[in-house]
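Here are the chains, one letter per residue:
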Amino acid sequence: MIERVGLEFAERQRLEGNFAEFAKSSYKGHYPRSKDITKDLNQCLEKIGWVCALYKTPFKLLGPKGVQSVESMLIFAPQSILQEDLVNTAKLERAHGFYVCWANLDDDNGHIWLITCGAQNLKEAQNTPAFTKLFKNSRGTCHAQYHFDTYRYALDFLRLVALFDDLPVQDFKAGGEGSNQAFPRKVDVYFLRALRADNHRYFQKAIRYYEKSAELGDVEGFYQIGEIYHHYRPTGITECPNFAKALEYFKKAGEMGDFRAYEMLGRFYARGNGVAVDIQQSLGYLNLAADMGSEIACFNLADIYLYNEGVKDPEKAQAYYNKAIKMGKSKLERARICHRVAKRYLEHSQGAGLDKEDKKAVFYYQKAAILATEVFGAEAYNRMAYWGKKYYSYAQTLEWCLQAIELGNTKLYTYVGRSYYEGRGCVQNYQKALEYFQKAIAIKEDYEAYFALAEMYFNGEGVPQDYSKALAYYTKALGGRYEKQEVFRRLSQIYDKGLGVEPDLKKAFEYLKKSCGMWD
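Residues numbered from 1 in each chain as written. Predicted model: local features only at pLDDT ≥ 70, side-chain atom pairs only at ≥ 80, totals over all residues. Heavy atoms only, no water.

1. Points about the packing of helix α9 (residues 219–231) against helix α10 (residues 243–255)
The N-to-C vectors of α9 and α10 enclose an angle of 165°; their axes lie 8 Å apart at closest approach. What the angle tells us is that α9 and α10 run roughly antiparallel. Between α9 and α10 lies a crossing whose hand is left-handed. Note on element contacts: α10 touches α9 through F243, K245, A246, Y249, F250, K252 and A253, opposite V219, F222, Y223, I225, G226, E227, Y229 and H230. When the residues that make up the contact of α9 with α10 are grouped by side-chain class, the tally is 10 nonpolar, two polar and three charged. (Axes fitted to C-alpha atoms, helices over the stretch in contact; angles between N-to-C directions. Helix = DSSP H or I, 4+ residues; strand = E, 2+ residues; numbered from the N terminus. Parallel < 35°, antiparallel > 145°, perpendicular 65-115°, else oblique. Left-handed = near helix turned anticlockwise from the far one by under 90°. Contact = heavy atoms within 4.5 Å. Nonpolar A, V, L, I, M, F, W, Y, C, P; charged D, E, K, R; others polar.)

Have a look at this one:
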């Protein structure tokens, strides 16, 4: 629990999900759900008196490498100086000098947290007591002109809020009076010192401060120590990784309410990391995490029931997947989990020929497409068509292909063209077949579509018979691997009989040899 900023552990997980989604969408310059993201973030932040707003206009801010331009960012500040629907940066600079933002910087840092100020207000900001208090000893000293600390996780955002809230308003004003208020809270001091030591790989020092932070009730402290022993070789500790020590601290973190720790314990017992393999113990810890709202634990449990021969139970596996889906707080979130479940079933069936698993994959792709058509539809319908061919009618497969195309999936033009050409799942329609084949080659070099068009012109199906056009398309079809034997056979016929060209028996013979050579 992060009591110092009034948010529960589960709420922090909700923050992290929104930050991750915004990072993914803004990195590509798209904001399909920016309003939903900011709305959900503001619902989480309401109880701590903070608010966030999306700022899409290019803006200059002070970053780790100096004054930088960003295309988009989320700006966070106390509710008293920021409105959700209007980011007034001038007002922010006048009131605070500093604010917190989540920005996509055009460098190796990617998405990072910044405590920053408007570039025009840099000089005034550096003269405030807040500057010294926030940045002293941050990666060294605060004398460097463009030296601001960066933060990458939702947890660190909440700590920044705590640090801001501990500073009196006058400390953000140039020449402001000092304050007797303690800054920052002791638990934050220890954790931030540990975080810096951890980042610089001073692991012994980090462990000491994480311990002190945890003793004051910070669940993150014990978890981070567990991570150090799990992943790194701290100075003075010989075993790497030290699973026994990691196990000890993950147990402490789990008892304090950190379900990630129970996830780790479940994996340790499943893999025998530092302990004897004990599937029942693994199931016990993973169930604790799942009951606390861990989607990852549900997937781990399902994996065990799918793959572990000792407890194999496909029905239980599916029940845990369904439990994970129910954890989604919105249609989009549930669709994302359905999409993951479908992929999991395909991975499980690969090479094993498990028809039931393939059918389940199609079922969950379908659920994902229904829940969030615009986001997952194009890919989901494509997957449904590909994996559903064995189990569903041609008509159903064609319907899914057309739905995928409608949502922007251009990879299926040739398949749909073939369906209309052969009357597969529909009434035979050469005009529609021609239309989709032409669309396919307009998008990219589609050799299957070239061959199909060549056949149509060779046979005069839906188009006037034209051997010259057929020859041109057959020649283009040679660039791919599809139907090469048939292409060579057709070219041999064309030059043997002089169809649209001067007869050339030598060429006809060479193409015939190549056609025969396609077989062993």
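2. Some remarks on a positive patch on the surface
A contiguous patch of positive charge, built from R193, K205, R208 and K212, is present on the exposed surface. Structurally, R208 can be placed in helix α8 (residues 203–215). (Patch = residues over 30% accessible without salt bridge, like charges linked within 9 Å, V, L, I, M, F, W, Y side chains within 5 Å. Areas by Shrake-Rupley, 256 points an atom, 1.4 Å probe, with all protein chains shown as cover. Salt bridge = Lys/Arg side-chain N within 4 Å of Asp/Glu carboxyl O. Lys, Arg positive; Asp, Glu negative; His and termini not counted. Charge placed at Lys NZ, Arg CZ, Asp CG, Glu CD.)

3. Observations concerning the environment of R33
Here R33 is to be found in the loop between α1 (9–27) and α2 (34–45). Placed 12 residues apart in sequence, R33 and E21 show a C-alpha to C-alpha distance of 8.7 Å. Non-local contacts of R33, meaning those with residues more than four positions away in its chain, are made with E21 and L332.

4. Quick notes on the side chain of E455
The residue E455 is located in helix α21 (residues 447–459) in this model. Side-chain polar atoms of E455 contact the side chain of R490, separated by 2.8 Å. (Polar contact = N/O pair within 3.5 Å; in protein donor to acceptor, adjacent residues only side chain to side chain.)

5. Quick look at the side chain of E461
Along the chain, E461 falls in the loop between α21 and α22 (467–477). Salt bridges are absent for the buried E461, whose nearest opposite-charge side chain, R490, sits at 7.4 Å. (Buried < 20%, exposed > 50% of the residue type's maximum accessible area, 1.4 Å probe, protein only.)

6. Digging into the pattern of salt bridges
As enumerated under the stated definition, the model contains 19 salt bridges in all. For the salt bridge of E333 with R336, the shortest nitrogen-to-oxygen distance reads 2.6 Å. Taken as a pair, E333 and R336 lie in helix α15 (residues 331–349) at a separation of three residues, close to a single helical turn. Looking at R336, the relative accessible area reads 29%, which means it is partly exposed. E379 is the salt-bridge partner of R383, the closest N and O atoms lying 3.8 Å from each other. Here the residue R383 and the residue E379 both occupy positions in helix α17 (residues 373–388), the gap between them amounting to four residues, near one helical turn. One continuous salt-bridge network, built from bridges that share partners, spans E295, E333, R336 and R340.

7. As for the pairing of strand β4 (residues 73–78)
Of all six residues in β4, six are buried; the element is thus mostly enclosed. As defined by bridge partners, strand β1 (residues 50–55) adjoins β4 across six bridges and the pair is classed as antiparallel. Each bridged residue has a counterpart across the sheet, and for A53 the counterpart in β4 is I75. (Pairing = 2+ DSSP bridges.)

8. Quick notes on the nonpolar core
Nonpolar side chains tend to gather and get buried jointly when the protein is soluble and globular. Grouped together as the largest cluster of nonpolar side chains are 108 residues, with contacts concentrated most on Y210, F250, V341, F437 and Y474. The greatest single-element share of this core, amounting to nine residues, is contributed by α21. Leaving out residues up to four positions away in the same chain, Y210 has contacts with F191, A194, L195, D198, G221, Q224, I225 and I228. Ranked by size, the runner-up nonpolar core spans 17 residues in total, among them C44, L45, L74 and V100. (Core = buried A, V, L, I, M, F, W, Y, C linked by side-chain atoms within 4.5 Å.)

9. What to know about the confidence of the model for the protein chain
Summarising the model, the protein chain shows a mean pLDDT of 76, and 69% of its residues fall at 70 or more. Low pLDDT, under 50, characterises residues 174–184; the stretch is placed with 23 contacts to residues that sit more than four places away or in other chains. (pLDDT = per-residue confidence, 0-100.)

10. Overview of α2
Taking 1.5 Å per residue as the helical rise, α2 with its 12 residues ought to reach 16 Å, and the 16 Å between its terminal C-alpha atoms agrees with that figure. S34, I37, T38, L41, N42, C44 and L45 are the residues of α2 that are buried. On an axial view of α2, the arc spanned by its buried residues comes to 155°, and they lie on one face. Exposed and oriented more than 90 degrees from the buried face of α2 are K35 and K39. (Expected span 1.5 Å × (residues − 1). Arc of directions from axis to C-beta.)

11. Brief notes about the environment of A214
With respect to the secondary-structure elements, A214 resides in helix α8. On a C-alpha basis, the gap between A214 and Q224 in space is 9.8 Å, while along the polypeptide they are 10 residues apart. Not counting residues within four places of it along the chain, the set of residues in contact with A214 comprises G221, F222 and M256.

12. Notes on the packing of aromatic side chains
Counted by the stated rule, this structure contains 27 aromatic pairs. Taking the centre distance of 5.9 Å and the plane angle of 5° together, the rings of Y305 and Y320 count as stacked. With Y305 in helix α13 (residues 295–307) and Y320 in helix α14 (residues 314–326), the pair connects residues that are 15 residues apart, well separated along the chain. Exposure class is identical for Y305 and Y320. Each is buried. Geometrically, the ring pair formed by F363 and Y364 is edge-to-face, given 5.0 Å between the ring centres and 80° between the ring planes. You can call Y364 buried: its relative accessible area is 0%. A network of ring pairs unites the aromatic residues F299, Y321, Y345, F363 and Y364 as a single cluster. Positioned above the aromatic ring of F299 is the side chain of R340, whose terminal nitrogen or guanidinium carbon lies 3.8 Å from the ring centre. Directly above the aromatic system of Y436 lies the positively charged group of K439, at a separation of 5.0 Å from the ring centroid. (Phe/Tyr/Trp six-rings, centres within 6.5 Å; stacked < 30°, edge-to-face > 60°. Lys NZ or Arg CZ within 6 Å of the ring centre and 35° of its normal.)

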